[in-house]
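One letter stands for each residue in the lines below.
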Amino acid sequence: MRSPAAQVAAAGAWGLGGRVVLLIAGFVATPFLIRLLGSSRYGLWALLQTSLTWAALADVGMGTASTKFGAEYYARGDDLGESTVVWTALSLTAITTTCAAVVVAIEAPAILAHLLHVRGELLGPGVLALRIVCALFVVQAVAGTVNTPQVVRLRWRQYTIITTTAALIAWIGTPVALVMLSGGVVTAAYVGLAAAALGASGTFLLSVRVQPALRRPRVSKVILRQLVGYGGALTVSSLAVIPLSTAERFFLAHNHSTVVVAYYAVAATLATTLNVLPGQLVGPLLPGLTRLEAQGRLEEHRNLYRKGLSALFLVLTPAAIILAFLAHPFLSLWAGPEYGLHSTGPLLVLVAGVWVNCLASVPYTYLLSSGRTKILAYVNVAELVPFLAGAWVLTAKFGATGAALVVSAGSAVDSVVFFAIVRHVAQLPFSPLSERRFRSIAAPVALGCAAAVAATVGHGLAIRLGWAAALSGVYAVAVWRLVLTANEREGLLSLIAEVVRRGPSLGHGGRAM
């Protein structure tokens, strides 16, 4: 019987594998997209994809709320309650996202022309592409709610296969379609919509398989009030989070051009590859923490939080350093010399911000699992006005680098606040360091210094890749031998063995499922 930590680790491993596949596909496809679309159309496509983030507001937090309450019913063994949560959340999601999609589709010409200053030959295709993207976000929102039975059971293997396959179709199919049809952003939008529809269909079929009670649709006013209470605060938080994470791109388009947006988008795409690690940890961590708290297993709850935070720090920190080390030669080869010149500076700034933000994802997930969404709303709303003011000034004055500066500063503030809140309300660990705290800090500092020295020796990508491999190997050995204690090494080996060993996982209240 797997422990909670092993269940989360196994689910995270499957999720990470899927994300790595998509990262590779993205790295291969993006240079083709940049060249096939050109800088202006690629910048427009980046803006349209960003609009999906804004559209996520329309689900009023039902994706996360469904996971939270579905996990509680699952922990109590209440299949009917779990099914009712899913159908109630799904009904609300379908209504709200469809209404939002219709409004945006109607106002698409005004949004592109007046808000984003899209002009000339880009405007017509941009309007049609935005309308297709509206349908795309409805499909994605539905899929993000109907996946609840898989998520609360930590059934990441089948879920990852379905979602990764759909995303691969989008990544690979888009440049292929652009070449075959001589298309532009409209073609890219159609491919994305088809892939999303395929993924949503597969997700629904799998959910019905693991939770047969879904075959009988049922909604509840009582559960609806619970979902709205939780998701409403989360929506208020998202109203602030989305501009906090995307407004700088729109300001760049307004103050400069879609070309500058393209420079920034490429830097952000590469920097946010670091999100793969916390993204795949947080997915299973949310239902894992929720189930343990619902069952009163508080010590296991605390250990799961602590292990997740420590593991993330040990892996994420060297990854951020190596990414910064490879930045310039990789960008120059991957996206072109123009991007190597204009995107490297923003990338280096963004790497620092993404690193801090990734660590903050652990206390953020705890606040979600414990139902403290109002705290998230208060924090994010308080940051909104200072961020927007700073973003407007810095993007106007410094372009893409200014955008990166304001985003990274906001991430640093978020991290400090979320860690402090979780420490205060739940007495959970603030520090991500190993028991050997000084060595936990010294190891990444030494790696950063060595990378800085190596950067002065070799400038080509091949040389730096060699250095990166060597430095990563030395770092891994040093952490294992000098940073981790004997107990930590033994615990890590036991966890790996438990994850690798296939067997029944912990289900309702300790029953094998």
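Before any of the text, the structure's been laid out above.
Residues numbered from 1 in each chain as written. Predicted model: local features only at pLDDT ≥ 70, side-chain atom pairs only at ≥ 80, totals over all residues. Heavy atoms only, no water.

In this section: the overall build of the protein chain. For the protein chain, the helix and strand inventory stands at 18 helices and zero strands. Computed over the C-alpha atoms, the radius of gyration of the protein chain is 23 Å, within 12% of the 24 Å expected from 2.2 N^0.38 for a compact globule of 513 residues. Across the 513 residues that make up the protein chain, the buried fraction comes to 53%. The contacts of the protein chain with a sequence gap of at least 6 include a subset with a gap of at least 24, amounting to 84%. For the protein chain, the exposed surface amounts to about 21800 Å²; the carbon and sulfur share of it is 69%. (Helix = DSSP H or I, 4+ residues; strand = E, 2+ residues; numbered from the N terminus. Rg over C-alpha atoms; globule rule 2.2 N^0.38 Å. Buried < 20%, exposed > 50% of the residue type's maximum accessible area, 1.4 Å probe, protein only. Contact = heavy atoms within 4.5 Å. Areas by Shrake-Rupley, 256 points an atom, 1.4 Å probe, with all protein chains shown as cover.)

What follows covers a positive patch on the surface. Among the surface-exposed residues, Arg302, Arg306, Lys307 and Arg423 lie close enough to one another that they form a single positively charged patch. Within the fold, Lys307 resides in helix H12 (residues 298-334). Take Lys307: its relative accessible area is 44%, and that puts it in the partly exposed class. (Patch = residues over 30% accessible without salt bridge, like charges linked within 9 Å, V, L, I, M, F, W, Y side chains within 5 Å. Salt bridge = Lys/Arg side-chain N within 4 Å of Asp/Glu carboxyl O. Lys, Arg positive; Asp, Glu negative; His and termini not counted. Charge placed at Lys NZ, Arg CZ, Asp CG, Glu CD.)

It is worth spelling out the packing of aromatic side chains at this point. Scanning the entire structure with this criterion turns up 10 aromatic pairs. Ring centres of Trp87 and Phe204 lie 6.5 Å apart, and the angle between their planes is 75°; this geometry places the pair in the edge-to-face category. Here Trp87 is found in helix H3 (residues 79-106), whereas its partner Phe204 is found in helix H8 (residues 185-210), with 117 residues between them in sequence. The class of Trp87 is buried, set by a relative accessible area of 17%. With centroids separated by 5.5 Å and ring planes inclined at 25°, the aromatic side chains of Phe330 and Trp334 adopt a geometry described as stacked. Of this pair, Phe330 and Trp334 both sit in helix H12, four residues apart, which is roughly one turn of the helix. (Phe/Tyr/Trp six-rings, centres within 6.5 Å; stacked < 30°, edge-to-face > 60°.)

What follows is about unusual backbone geometry. Among all residues save glycine, negative phi is the norm, and among peptide bonds the norm is trans. The phi torsion at Leu154 lies on the positive side, around 55°, for a residue other than glycine. Mapped onto the fold, Leu154 is located in the loop between helix H6 (148-152) and helix H7 (156-181). What makes Leu154 buried here is its relative accessible area of 11%. Despite not being glycine, Ser182 shows a phi value in the positive range, around 55°. Take Ser182: it is sitting in the loop between H7 and H8. Overall, the relative accessible area of 66% leaves Ser182 in the exposed class.

Attention now moves to the pattern of salt bridges. This model, assessed by the stated rule, comprises two salt bridges. Between Arg153 and Glu82 there is a salt bridge, with its nearest N and O atoms 2.6 Å apart. With Arg153 in the loop between H6 and H7 and Glu82 in helix H3, this residue pair connects regions lying 71 residues apart in the sequence. What makes Arg153 buried here is its relative accessible area of 6%. The exposure class assigned to Glu82 is buried, which follows from its relative accessible area of 0%.

Looking now at a nonpolar patch on the surface. Together, Val20, Ile24, Val28, Phe32, Leu36 and Val179 make up an exposed nonpolar region whose accessible area comes to about 530 Å². Among the elements that take part in the nonpolar patch, helix H1 (residues 4-55) stands out by supplying five residues, more than any other. Mapped onto the elements of the fold, Val20 is located in helix H1. Accessibility expressed as a relative area gives 37% for Val20, which makes it partly exposed.

This part covers the packing of helix H4 (residues 108-115) against helix H5 (residues 123-146). Between H4 and H5, whose axes approach to 9 Å, the crossing angle comes to 130°. Comparing the axis directions of H4 and H5 gives the class oblique. In the packing of H4 onto H5, the handedness of the crossing is right-handed. Of the residues in H5, those in contact with Ala108, Pro109, Ile111, Leu112 and Ala113 of H4 are Leu123, Gly126, Val127, Leu130 and Arg131. When grouped by side-chain class, the residues that make up the contact of H4 with H5 number eight nonpolar, one polar and one charged. (Axes fitted to C-alpha atoms, helices over the stretch in contact; angles between N-to-C directions. Parallel < 35°, antiparallel > 145°, perpendicular 65-115°, else oblique. Left-handed = near helix turned anticlockwise from the far one by under 90°. Nonpolar A, V, L, I, M, F, W, Y, C, P; charged D, E, K, R; others polar.)

Time to look at the nonpolar core. Proteins that are soluble and globular tend to have nonpolar side chains buried together. By size, the foremost hydrophobic cluster in this structure holds 103 residues, and its most contacted members are Leu48 and Tyr264. With 13 residues, helix H13 (residues 337-369) is the single largest residue contributor to this core. Setting aside residues up to four positions removed in sequence, Leu48 forms contacts with Leu112, Gly126, Ala129, Leu130, Val133 and Val185. By size, the runner-up hydrophobic cluster in this structure holds 16 residues, among which are Ile322, Ala451, Leu461 and Val479. (Core = buried A, V, L, I, M, F, W, Y, C linked by side-chain atoms within 4.5 Å.)

As far as function goes, none of this settles anything; it's purely spatial.
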